[in-house]
Amino acid sequence: MNDTAMSGNDKINQDSINKALWNACDTFRGTISADTYKDFILTMLFLKYISDVWQDHYDGYQAEYGDEPELIEEMMKNERFVLPKAASFYALYERRHEPGNGERIDQALHAIEEANGTKLKDAGKSVFQDISFNTDKLGEEKQKNTILRHLLEDFAKPELNLKPTRVGTLDVIGNAYEYLIKNFAASGGQKAGEFYTPPEVSDLIAELLDPQPGDSICDPACGSGSLLMKCGRKVVANHGSKQYALYGQEAIGSTWSLAKMNMFLHGEDNHKIEWGDTIRNPKLLDKNGDLMLFDIVTANPPFSLDKWGHDEAEHDKFSRFRRGVPPKTKGDYAFILHMIETLKPKSGRMGVVVPHGVLFRGSSEGKIRQQLIDENLLDAVIGLPEKLFYGTGIPAAILIFKKNKSDDSVMFIDASRDFKAGKNQNLLTIDHIAKIVATYHAGNDVDKYAYVASLEEIKENDYNLNIPRYVDTFEEEEEIDLMAVRTEREQLKAQLTELETEMAKYLEELGYGA
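Residues numbered from 1 in each chain as written. Predicted model: local features only at pLDDT ≥ 70, side-chain atom pairs only at ≥ 80, totals over all residues. Heavy atoms only, no water.

- Looking up the protein chain in an unreviewed UniProt entry gives the name site-specific DNA-methyltransferase (adenine-specific), with the organism given as Vibrio zhanjiangensis.
- Listed in UniProt under the heading Catalytic activity (unreviewed entry), the comment for the protein chain reads: "a 2'-deoxyadenosine in DNA + S-adenosyl-L-methionine = an N(6)-methyl-2'-deoxyadenosine in DNA + S-adenosyl-L-homocysteine + H(+)". (UniProt positions renumbered as here; feature names shortened; annotations may be inferred.)

1. With respect to the overall build of the protein chain
- Looking only at helices and strands, the protein chain has 19 helices and 11 strands in total.
- The buried share of the protein chain, reckoned over its 514 residues, is 50%.
- Partitioning the intrachain contacts of the protein chain with sequence separation of at least 6 by distance along the chain shows that 74% fall at a separation of at least 24. (Helix = DSSP H or I, 4+ residues; strand = E, 2+ residues; numbered from the N terminus. Buried < 20%, exposed > 50% of the residue type's maximum accessible area, 1.4 Å probe, protein only. Contact = heavy atoms within 4.5 Å.)

2. Observations regarding the side chain of Asn464
- Tracing the chain through its elements places Asn464 in the loop between α18 (455-460) and α19 (482-509).
- Setting aside its immediate chain neighbours within four residues, Asn464 contacts Leu359, Phe360, Ile458, Arg469 and Tyr470.

3. Re the pattern of salt bridges
- For the structure shown, the criterion picks out 28 salt bridges.
- Here Arg95 ties to Glu98 by a salt bridge, and the two come within 3.0 Å at their closest N and O atoms.
- For Arg280, the salt bridge is made with Glu312, and the minimal N-O distance between the two is 3.6 Å. Of this pair, Arg280 sits in the loop between β5 (271-275) and β6 (296-299) while Glu312 sits in helix α13 (residues 310-313), placing them 32 residues apart in sequence.
- In this structure, a network of salt bridges that share partners links the residues Asp203, Glu207, Lys230 and Lys234. (Salt bridge = Lys/Arg side-chain N within 4 Å of Asp/Glu carboxyl O.)

4. Thoughts on a negative patch on the surface
- A surface patch of like charges, here negative, comprises Asp67, Glu68, Glu70 and Glu73.
- Note that Asp67 resides in the loop between α2 (34-65) and α3 (69-75).
- Accessibility expressed as a relative area gives 65% for Asp67, which makes it exposed. (Patch = residues over 30% accessible without salt bridge, like charges linked within 9 Å, V, L, I, M, F, W, Y side chains within 5 Å. Areas by Shrake-Rupley, 256 points an atom, 1.4 Å probe, with all protein chains shown as cover. Lys, Arg positive; Asp, Glu negative; His and termini not counted. Charge placed at Lys NZ, Arg CZ, Asp CG, Glu CD.)

5. Side note on the environment of Leu180
- Relative to the elements of secondary structure, Leu180 occurs in helix α8 (residues 171-187).
- Considered as a pair, Leu180 and Ala111 are 69 residues apart in the sequence and their alpha carbons are 25 Å apart.
- Those residues in contact with Leu180 that sit more than four places away from it in its chain are Leu21, Trp22, Ile41, Leu42 and Leu45.

6. Regarding the packing of aromatic side chains
- Enumeration over the complete set of coordinates arrives at 13 aromatic pairs.
- Centre to centre, the rings of Trp54 and Phe81 are 6.1 Å apart; their planes meet at 40°, and the pair counts as tilted. You can see Trp54 sitting in helix α2 and its partner Phe81 sitting in the loop between α3 and α4 (89-94), a full 27 residues away along the chain. Each member of the pair, Trp54 as well as Phe81, carries the same accessibility label: buried. (Phe/Tyr/Trp six-rings, centres within 6.5 Å; stacked < 30°, edge-to-face > 60°.)

7. Section: the pairing of strand β10 (residues 410-414)
- Of all five residues making up β10, five are buried, and the element is well covered by its neighbours.
- Taking every second residue as pointing to the same face, both faces of β10 are buried, with Val410, Phe412 and Asp414 on one and Met411 and Ile413 on the other.

8. Points about the nonpolar core
- Grouped together as the largest cluster of nonpolar side chains are 100 residues, with contacts concentrated most on Ile41 and Phe155.
- When residues of this core are assigned to their parent elements, the largest contribution, 15 residues, is made by α2.
- Apart from the residues lying within four places of it in its own chain, the contact partners of Phe155 are Leu21, Ala24, Ile41, Met44, Leu45, Lys48, Phe89 and Leu160. (Core = buried A, V, L, I, M, F, W, Y, C linked by side-chain atoms within 4.5 Å.)

9. Notes on α19
- In this model, α19 (28 residues) spans 41 Å end to end at C-alpha, consistent with the 40 Å of a helix rising 1.5 Å per residue.
- For α19, the N-terminal capping position is held by Asp481, with its side-chain oxygen 3.2 Å away from the main-chain nitrogen of Met483.
- Two residues or fewer past α19, Gly511 is found with a positive phi of approximately 85°. (Expected span 1.5 Å × (residues − 1). Polar contact = N/O pair within 3.5 Å; in protein donor to acceptor, adjacent residues only side chain to side chain.)

10. Looking at the sheet that holds strand β7 (residues 349-355)
- Strand order in this open sheet of nine strands is β5-β4-β3-β6-β7-β9-β8-β10-β11, and the pairing throughout is mixed. Edge positions in the sheet fall to β5 and β11 (450-453), since each of these pairs with one other strand and no more. Taking each pair of neighbouring strands and ignoring which way they run, the sheet shows an average axis angle of 15°.
- In this structure, strand β8 (residues 378-383) lies alongside strand β9 (residues 396-402), joined through five bridges in antiparallel fashion. The partner of Gly383 across the bridge, within β9, is Ala397.
- Lying on the sheet, helix α10 (residues 199-209) is in contact with β6, β7, β8 and β9; it crosses β7 at an angle near 145°. (Pairing = 2+ DSSP bridges. Axes fitted to C-alpha atoms, helices over the stretch in contact; angles between N-to-C directions.)

11. Here we look at the environment of Ile181
- With respect to the secondary-structure elements, Ile181 resides in helix α8.
- Spatially, the C-alpha atom of Ile181 lies 36 Å from that of Tyr451, the residues being 270 residues apart in sequence.

12. Focus on the packing of α10 against helix α17 (residues 430-442)
- At a minimum axis distance of 10 Å, the contact between α10 and α17 shows a crossing angle of 20°. The orientation of α10 with respect to α17, classified from their angle, is roughly parallel. Our pair here, α10 against α17, has a crossing hand that is right-handed. Here Glu200, Asp203, Leu204, Glu207 and Leu208 of α10 lie close against α17, whose contacting residues are Ile433, Ile436, Val437, Tyr440 and His441.
- For the contact of α10 with α17, the per-class residue count stands at six nonpolar, one polar and three charged. (Parallel < 35°, antiparallel > 145°, perpendicular 65-115°, else oblique. Left-handed = near helix turned anticlockwise from the far one by under 90°. Nonpolar A, V, L, I, M, F, W, Y, C, P; charged D, E, K, R; others polar.)

13. Quick notes on unusual backbone geometry
- Although it is not a glycine, Ser363 adopts a positive phi angle of roughly 55°.
- Take Ser363: it is sitting in helix α16 (residues 363-374).

Structure representation (structure tokens):
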């Protein structure tokens with residue numbers, strides 16, 4: 001363990017960790033796509049972190065009790081997780097020059113899973129099930145072994161010594177994980193945005209829903225879990241309490257794995273993340289086999305998902321589609337209806353990100369929308385700026401629903417013009433978020449920004465929720481002084497005549513005269 005690459009007890013900052021991790025991606029660039037190598041980088045970060053924590057605690061006990069391996073082994077049983085010796089990052093690093101790096105890493109991950117029981121499993125599915133380092137995607141055996149040796153060496157650099165005595169808070173690792181996921185989402189195009197909600201949007205939703213101590217919080221399309229954890233951290237920040245429970249479901253296996261690792265790295269032990277298709281096969285059920293109910297339900301589901309499960313919806317055993325079956329090629333209302341159905345009758349509130357079509361499209365969606373409004377479930381419609389989300393430039397909206405409303409009005413907020421322009425992505429600043437949240441909680445009209453519509457007004461608009469129907473952002477143009485324009489035109493004509501006379505004179509001098 002005395003390799004110089006492993007040394008360094010100087011404190012580290014977030015930026016240097018983030019930079020070192022992003023540089024580690026160079027090992028893969030040009031060989032495989034970011035969508036594939038993100039799993040290798042994120043899994044290696046997980047392995048390195050738990051190895052460093054384990055080693056740090058082991059070293060601490062050794063300093064305290066001396067060379068008493070049996071006693072130290074006993075003390076180490078109180079850790080949050082178990083790390084078999086041969087499964088440590090360091091054991092893999094020591095053997096990096098030998099053939100079989102891919103197989104050894106896979107075996108180490110399997111051993112960690114087996115040693116930690118349910119912590120890295122849910123309903124029999126293991127976190128590393130869809131991640132294999134021993135894959136042909138990295139090329140033939142020799143090339144693969146070299147790439148993985150480089151990867152192990154990247155993570156052995158002093159900048160990525162992640163021992164708690166050096167790093168300090170657990171958040172540094174969680175933040176690094178989020179940083180990587182965000183960068184993969186930003187650089188990965190359409191597909192990458194599936195597993196990540198920009199942190200500013202998560203912040204906004206969490207502020208709007210105002211999670212309280214004791215709340216159960218669910219995201220039925222949880223991706224890597226960032227929105228869920230943001231809601232949890234709001235309880236800590238606002239109330240100094242960790243009394244909350246996080247629930248999620250994710251359809252894509254490798255993304256489910258990211259969510260599980262993300263929860264672990266953030267110290268979120270009170271969670272249950274299921275793997276499976278929420279619409280076709282909801283997994284968050286109570287002991288009677290009914291849908292679990294939550295205080296808060298929030299999601300950024302895939303926009304207008306094709307093939308969402310239309311054929312099975314009519315005979316849904318949970319009656320989620322009794323208000324109507326959404327169209328075959330647009331699953332937006334399938335997620336909305338599922339979420340509504342999982343709200344607690346008194347405290348239930350939800351926030352969902354949707355494309356604008358959800359506000360005004362007709363046919364079956366129009367009928368569903370009408371029923372949700374007539375049932376007085378819709379509380380607010382908030383229009384967001386364009387280019388906030390990875391993989392799509394279209395503007396989105398946040399819909400807030402509440403089970404126990406005190407009135408039957410709906411607040412409309414047009415926040416589409418408030419953003420900080422970025423190179424590829426627009427951002428919501430702290431001030432933009434604060435303005436939206438303050439306006440929502442105040443519940444009053446704000447000129448050219450917010451309008452509280454009565455149920456009657458919405459009915460008069462045929463239940464169309466398109467924001468410009470309610471929030472008038474029209475700016476009157478200045479009146480034009482026609483006499484002043486005419487005077488200016490006459491002056492310009494005189495100047496032009498003068499210039500043409502001068503030009504003719506020059507041409508004549510040069511011998512181009514008529």
